[in-house]
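Given next are the chains, with one letter for each unit.
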Amino acid sequence: MYDIIVKKRDGGELTKEEIKFFVDGYTKGDIPDYQASALTMAIYFQGMTADETATLTQAMVDSGETIDLSAIEGKKVDKHSTGGVGDKVTFIVGPMVASVGIPVAKMSGRGLGHTGGTLDKLESIKGLEIEMTKEKFIENVNTHKLAVAGQTGNLAPADKKLYALRDVTGTVNSLPLIAGSIMSKKIASGADSIVLDVKTGSGAFMKTLEDSEALAREMVNIGNNLGRHTVAVISDMNQPLGYEVGNANEIREAAEILQGKNVEDLRLLSLEIASHMAVLAEKFSSYEEAYQAIEANIENGKAFESLRTLIDAQGGDVAMIDELDKLPKASYEIEVTAEKDGFISAIDAESIGVAAMYLGAGRATKEDEINHGVGISLKKKIGDPVKAGEALVVLVSDDEQPDDSINKVKEAYTISNEKVEKPTLIHNIIK
Ligand code: URA
């Protein structure tokens, strides 16, 4: 291990054997934290070649269980978002892609965050069950083309251990380590191909377009190196996506998009991601053909029907989706208003997320309970004109006077005197 650390410190390229030796030894506990942190710090400064990064990723996949989806007929395409506020794209693209006959076997998590994870949001729907046996999961995908389940199994334990170490040693922010970490979990989840939604902007993990593109390139290279056709969409996260933030709030907005509502950014990004997924599944020969077929399935109701089928198959109350007023909703609606006339020039997505968490939409610690009925409805987005006293957002709250959230929302919005352009939504596609 000493020789490996010194080789990387001095800018050398590690062999496959050296990388595997490190990952295996560290996972088993044979290599101590101090040597692993010295190596990750050396990687932080010296980087890794594409071959090294692919080997590291494969070694982390091999450190634990992998999910075998071969019993599902057809090519399985997964999607992954690097995370943002108001990101309910999974609930939209899953049904869109399933509606054109492509199997979507979605494993998701809960996690800490401003709003719940995918599973928490889905649990806004009464009765919906996300724990199921592997057999049931596969049967549901084969029958209905779509299932969403909680992650089971010990996937990429080497990543879990290394990520925790990086977190406390200042080595999270290394492109090969981030890319390997994300891709190891995706690859262990069994998909044949992957569409990545890499967010960029103030509310994203990567704040600049340059960094987001570099991360995307790194992940696409890993995927393609390891035989998983991967495409990355770089999308804007300089404000929340869509208008709704929260758990039931986001499910409601996702259902509305599938029913044909034109929430511009959310609909466009969902169609973009779903179309790339459909092409990777080899169902369509071109992006345009896929896009048209999916758009048609929104208009003819098939995409919404796919969401209904998913909910029904997993024991959820479909009436809550047919009549969206039946979704959980907290007791009070509180407007946060503009203090002056002008144009919205910035909405700090992170602060909106924190405001939602203060209402109870997310978890600050693992033990926290989610309140599915609280959330934030944005009334103004970047570029919109606003008058003093007009609502910027409506907080849906169980607390009559949620001062912390109100202050956070006020902090999030910037109003300028000059007219402001709407931000670009899709910055780049990396294949
Ligand atoms: N998310 C991950 O899963 N891993 C990283 O290293 C960073 C973000």
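Residues numbered from 1 in each chain as written. Predicted model: local features only at pLDDT ≥ 70, side-chain atom pairs only at ≥ 80, totals over all residues. Heavy atoms only, no water.

### Here we look at the domain arrangement of the chain
Its domain assignment divides the chain into domain 1 (1–47), domain 2 (77–322) and domain 3 (332–416). When each unit is reduced to the centre of its C-alpha atoms, the spacing between domain 2 and domain 3 is 25 Å. Between domain 2 and domain 3, the contact holds 28 residues from the first and 27 residues from the second. With both sides pooled, the region where domain 2 packs onto domain 3 buries about 2000 Å², and carbon together with sulfur makes up 52% of that total. Here domain 2 is connected to domain 3 by three salt bridges. Linking domain 2 to domain 3 there are 13 residue pairs in polar contact (both at pLDDT 80 or more). Mapped by element, the contributors of at least two residues to the side of domain 2 that touches domain 3 are strand S6 (244–246) and helix H11 (248–258). Looking at which element gives the most residues to the side of domain 2 that touches domain 3, the answer is S6, with three residues. Residue composition of the side of domain 2 that touches domain 3, by class: eight nonpolar, 14 polar and six charged. (Domains from an automatic or database assignment. Contact = heavy atoms within 4.5 Å. Buried area = accessible area lost by both parts, 1.4 Å probe. Salt bridge = Lys/Arg side-chain N within 4 Å of Asp/Glu carboxyl O. Polar contact = N/O pair within 3.5 Å; in protein donor to acceptor, adjacent residues only side chain to side chain. Helix = DSSP H or I, 4+ residues; strand = E, 2+ residues; numbered from the N terminus. Nonpolar A, V, L, I, M, F, W, Y, C, P; charged D, E, K, R; others polar.)

### Looking at the site of the ligand
Inspection of the region around the ligand gives Tyr163, Arg166, Ile178, Ser181, Ile182, Lys185 and Phe205 as its neighbouring residues. Residue Tyr163 places a side-chain N or O atom 3.5 Å away from a nitrogen atom belonging to the ligand. One of the side-chain nitrogen or oxygen atoms of Arg166 is found 2.9 Å away from an oxygen atom of the ligand. In isolation the ligand offers 240 Å² of accessible surface; the protein chains occlude 85% of this area. Residues belonging to the shell around the ligand are distributed by class as follows: four nonpolar, one polar and two charged. (Near = heavy atom within 4 Å. Areas by Shrake-Rupley, 256 points an atom, 1.4 Å probe, with all protein chains shown as cover.)

### Regarding the sheet that holds strand S10 (residues 385–386)
Taking strand neighbours across the sheet as the criterion, the three strands line up as S10-S8-S12 in an open arrangement whose pairing is antiparallel. If you trace the sheet from one side to the other, it starts and ends with S10 and strand S12 (413–416), each paired once. By the bridge criterion, four bridges tie strand S8 (residues 342–347) to S12 in an arrangement that is antiparallel. If you follow Ile347 over to S12, its bridge partner there is Tyr413. Along the sheet, helix H17 (residues 403–412) contacts S8 and S12; its crossing angle with S12, the most-contacted strand, is approximately 40 degrees. (Pairing = 2+ DSSP bridges. Axes fitted to C-alpha atoms, helices over the stretch in contact; angles between N-to-C directions.)

### Comments concerning the packing of helix H8 (residues 157–167) against helix H9 (residues 175–188)
Packing of H8 against H9 brings their axes to within 10 Å, and their N-to-C directions diverge by 150 degrees. The angle between the axes of H8 and H9 places the two elements in the roughly antiparallel class. With respect to the hand of their crossing, H8 and H9 are arranged in left-handed fashion. In this structure, H8 uses Asp159, Tyr163 and Arg166 to contact H9, whose residues at the interface are Leu177, Ile178, Ser181, Ser184 and Lys185. Its residues assigned to classes, the contact of H8 with H9 shows three nonpolar, two polar and three charged. (Parallel < 35°, antiparallel > 145°, perpendicular 65-115°, else oblique. Left-handed = near helix turned anticlockwise from the far one by under 90°.)

### A short note on the packing of aromatic side chains
The full count for this structure, using the stated rule, is three aromatic pairs. Ring centres of Phe22 and Tyr26 lie 6.1 Å apart, and the angle between their planes is 15 degrees; this geometry places the pair in the stacked category. Highlighted residues: Phe22 and Tyr26, both in helix H2 (residues 16–28), separated by four residues, approximately one helical turn. In this structure, Phe22 and Tyr26 share a single accessibility class: buried. Summarising the aromatic geometry, the rings of Tyr287 and Tyr291 are spaced 5.7 Å apart at their centres and angled 50 degrees between planes, so their arrangement reads as tilted. (Phe/Tyr/Trp six-rings, centres within 6.5 Å; stacked < 30°, edge-to-face > 60°. Buried < 20%, exposed > 50% of the residue type's maximum accessible area, 1.4 Å probe, protein only.)

### Digging into the environment of Asp30
You can see Asp30 is positioned in the loop between H2 and helix H3 (33–46). What makes Asp30 exposed here is its relative accessible area of 60%. Between the C-alpha atoms of Asp30 and Asn428, which are 398 residues apart in sequence, the distance is 43 Å.

### Points about unusual backbone geometry
The backbone of Lys145 sits at a positive phi, close to 70 degrees, despite the residue not being glycine. The topology assignment puts Lys145 in the loop between helix H7 (134–144) and strand S3 (146–150). Here the phi dihedral of Ala156 falls at roughly 45 degrees; this positive angle occurs in a residue that is not glycine. On the secondary structure map, Ala156 appears in the loop between S3 and H8.

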